[in-house]
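Spelled out, the chains give:
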Amino acid sequence: MGCWTFSAATSALIVSCYVHSLAFTNIKTNFCKWCDSSSPRCENNVCTSNCNFSSFCAMSEEICVAVWKQDNESVSVRTLCHHPQEALENIMVSNYSTTQCVMVQQSSDEGTVYICGCVEDHECNDMLVFDKHSNGYLKLQSKEVIPVVVISLLPPVLVAIISTLAFYLYRTRHQNKQPKDWPPKRTHYQSLDLPKNNTDYNGKPLTIMDDGHSDVSSTCANNINHNTELLPIELDTVVGKGRFADVWRARLNHNASGQYETVAVKIFPSVEYSSWKNERKIFSDINLKHESVLQFLTAEERGTGPQKQYWLITAYHSLGNLQDYLTSHVLTWRELHSVAGSVVRGVAHLHSDYTACGAPKIPIAHRDLKSTNIVMKSKTECVLCDFGLALRLDLSLTVDDFANSGQVGTARYMAPEVLESRVNLEDLESFKQMDVYSMALVLWEMASRCDVIGDVKGYEPPFGSKVCEQPCVESMRDLVLRDRGRPDIPSSWLVHQGMKFLCSTIVECWDHDPEARLTAHCVEERFNSMGQEGYEDILNNNNQHTSSPACPELRKPSSSAQEPKPLEDKAAVRLVTEV
């Protein structure tokens, strides 16, 4: 009797367990990756979420979802179970009926956002597919769909082919009837200025596509590509590497016969989108065009997903940046006067409220003036470049807008008020005064490599022997604020009358008091006066001519604008800086 009772109880328990297990198997839910935030790992066009947690969804209707977010600094992925009929971060999930998670880009104010959904495959939201065509993902589930699609598309395709052929035949015959004296057609971009000998870096001839029928003078307009097609560019070699972007020498092909121009391409990775966007905005100002500003062609977005790149395409100048040029060349006085004058004219143009043609423009503060951000256009002329940190001094902006721009620039070239974080944000002239200080250091660099100063030593950057190779803000604060230090101006520099006047101008531009500094326009007037006939004595070092060209602008009395005193010479130190 006892054995029978035990056997009956055991049978009842087995039946109960079977019923429960059978009931459980009837509950069909998805098994998904589940992490609030993880850093994905990518290879080609497929990424994995890198999430270590998984879970069954609570409801059978829920699907596996992945949300990819990318801002200026980082990329993160959120994985979870989600009901597809409800919004996720104000976004409805679409295309979730497959076993693969195909990322679909969504519009968002928080940066780049992709979202995908999938079902019926364990942890299907772990593999994130960005390009559904390149590797054969998401093939059609039924081969019967293909004939239906082909038949549906055949009539419009035939109509398009016939229309295109007819248009081509019409244009071909119309061009054959065109008079020979008609001007050539305009391309969708203008040719960039090239060296006068029409040769590139290795001596190969270049054919310049001239557009002589522009409605706007080349002095008063910028060259911007308004065509949506990408330019036919072949990258050649890297000519500079920086913190935000790499600069390439490249070929801009004109046609199949091999005609091309050498251009510079500045390539930003996707994480540096904000720097590219700011520089593109500065370059896109049609009033930026100037002989002392790097000529701009266009900005482009290339690639998709994590491999997306942002390009800026500009003129290419084979002599390199000013710092490299000064390292290997000694300037004559006339070369110094010409090169320094082009820098001054470029800064004055940025700061001006009007173009050379008299059109109103918004002033621009460069905020990172230094010798590596100036490119040699020729042996007697250079151009300003690298506007990634530049700021448009728009009157519509508020004090908060300027404050949010942050403390930017290179520590070695930072003005005292920037190092001390005491910039007057309510006065837009404050940003121009910072540029003037940095410009003074660049002028000193050029003066230190001029043959009229006597014994020309090897190149060294400003404060070269007083700070380390890449000084931080704290060390520059001690030198510039506490010790009131400035680069040395030996007495031998002051023998030449023109150099003496230039050094006096430099000292007035790096005054500790921002309001006591000369403006860029005042310095431009001084350089223009030196180039006039009445001041040839300065250029010829005639000691009988000791007066200085007057500046028409009124300034606050300078606290340190007296004649520079001779200081101790220092050993040369080479600076390696960013592009």
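Draft legend 1. Representation of the nonpolar core within the structure. Ranked by size, the top nonpolar core spans 81 residues in total, and within it Leu 336, Met 439, Met 446, Trp 493, Met 499 and Trp 510 carry the most contacts. The dominant element in this core, judged by the number of residues it contributes, is helix α8 (residues 429-447), at 12 residues. Setting aside residues up to four positions removed in sequence, Met 439 forms contacts with Val 343, Val 344, Val 347, Leu 369, Cys 509 and Val 523. If you look at the next biggest cluster of nonpolar residues, it comprises 16 residues, including Cys 32, Cys 57, Ala 66 and Cys 124.

Draft legend 2. Summary view of the sheet that holds strand β16 (residues 309-315). As summarised here, the arrangement of the five strands in space is β12-β13-β14-β16-β15, forming an open sheet in which the pairing is antiparallel. Each end of this open sheet is capped by a strand with a single partner; those strands are β12 (233-241) and β15 (296-302). Between one strand axis and the next, the sheet turns through 30° on average, direction left out of account. Pairing between strand β13 (residues 246-253) and strand β14 (residues 260-269): eight bridges, direction antiparallel. Directly across from Trp 248, in β14, lies its bridge partner Val 265. Each of β14, β15 and β16 touches helix α3 (residues 273-283); the most contacted strand, β16, lies at about 35° to it.

Draft legend 3. A look at the state of the cysteines. Tallied over the full model, the rule gives six disulfides. What pairs with Cys 35 in a disulfide is Cys 51, and their sulfur atoms sit 1.9 Å apart. Between Cys 35 and Cys 51, the disulfide has an S-S torsion of 80° and is therefore right-handed. Here Cys 35 is found in strand β2 (residues 35-38), whereas its partner Cys 51 is found in the loop between β4 (46-48) and β5 (54-56), with 16 residues between them in sequence. The disulfide partner of Cys 42 is Cys 47, and the S-S distance across this bridge is 2.0 Å. Taking the torsion about the S-S bond as the criterion, the Cys 42 to Cys 47 disulfide, at about 105°, is right-handed. We note that Cys 385 lacks a disulfide partner, and the nearest cysteine sulfur, in Cys 382, lies 9.8 Å from it. Sulfur of Cys 509: no disulfide; nearest cysteine sulfur belongs to Cys 522 and is 7.9 Å away.

Draft legend 4. Seen up close, the pattern of salt bridges. The tally for this structure, following the rule as stated, stands at 17 salt bridges. One salt bridge connects Glu 417 with Arg 517, and the closest N-O pair in it is separated by 2.8 Å. Here Glu 417, found in helix α7 (residues 416-419), pairs with Arg 517, found in the loop between α10 (497-509) and α11 (520-530); they are 100 residues apart in sequence, far enough to count as distant. An identical accessibility class is assigned to Glu 417 and Arg 517; each is buried. One connected set of salt bridges, linked through shared partners, spans Lys 69, Arg 78 and Glu 89.

Draft legend 5. Expanded view of a nonpolar patch on the surface. Together, Leu 153, Leu 154, Val 157, Leu 158 and Ile 161 make up an exposed nonpolar region whose accessible area comes to about 450 Å². Among the secondary structure elements, Leu 153 is positioned in helix α2 (residues 145-176).

Draft legend 6. Inspection of the packing of aromatic side chains at higher detail. If you walk through the whole model with that rule in mind, you get nine aromatic pairs. Ring geometry for Phe 283 and Phe 387: centres 5.4 Å apart, planes at 80°, overall edge-to-face. Here Phe 387 lies in the loop between β19 (381-384) and β20 (391-392) and Phe 283 lies in helix α3, a separation of 104 residues in the sequence. Each member of the aromatic cluster is reached from another via a ring pair, and the members are Trp 68, Tyr 114 and Phe 130. The ring centre of Tyr 260 lies 4.5 Å from the NZ or CZ of Arg 251, which sits over that ring.

Definitions and limits used
Throughout this description, residue numbers start from 1 for each chain and increase along the sequence as written. At least 70 in pLDDT is required for a residue's local features to be given in this predicted model, at least 80 for side-chain atom pairs to be given and counted, and no such filter applies to totals for whole chains, interfaces and linings, which use all residues. Hydrogens and waters are ignored; side-chain quantities use all the structure's heavy atoms. Residues grouped as a nonpolar core are buried Ala, Val, Leu, Ile, Met, Phe, Trp, Tyr and Cys residues, joined through side-chain atoms within 4.5 Å. Burial classification: accessible surface area is computed with a 1.4 Å probe over protein chains only, and a residue below 20% of its type maximum counts as buried, one above 50% as exposed, and the rest as partly exposed. Runs of E in the DSSP output that reach at least two residues are strands. Runs of H or I that reach at least four are helices, and both are numbered from the N terminus. In this description, contact between two residues means that some pair of their heavy atoms is separated by no more than 4.5 Å. Between any two strands, pairing holds if DSSP finds at least two bridges. For helices, the fitted axis covers only the stretch in contact; all axes are lines through C-alpha atoms, and the angles between them, taken along N-to-C directions, range from 0 to 180 degrees. Count a disulfide wherever a pair of cysteine sulfur atoms falls within 2.5 Å. Within this document, salt bridges are pairs made up of a side-chain nitrogen of Lys or Arg and a carboxyl oxygen of Asp or Glu, the two lying within 4 Å of each other. Distance thresholds for patches are 9 Å for like charges and 5 Å for nonpolar side chains (Val, Leu, Ile, Met, Phe, Trp, Tyr), applied to residues having over 30% relative accessible area and no salt bridge. Only the protein chains shown count as covering a residue, and every accessible area follows the Shrake-Rupley method with a 1.4 Å probe. Classification of ring pairs uses Phe, Tyr and Trp, with its six-membered ring standing for Trp, and accepts pairs whose centres are within 6.5 Å; under 30 degrees between planes counts as stacked, over 60 as edge-to-face, and the remaining range as tilted. Our definition puts a charge over a ring when NZ of Lys or CZ of Arg is within 6 Å of the ring centre and also within 35 degrees of the ring normal.

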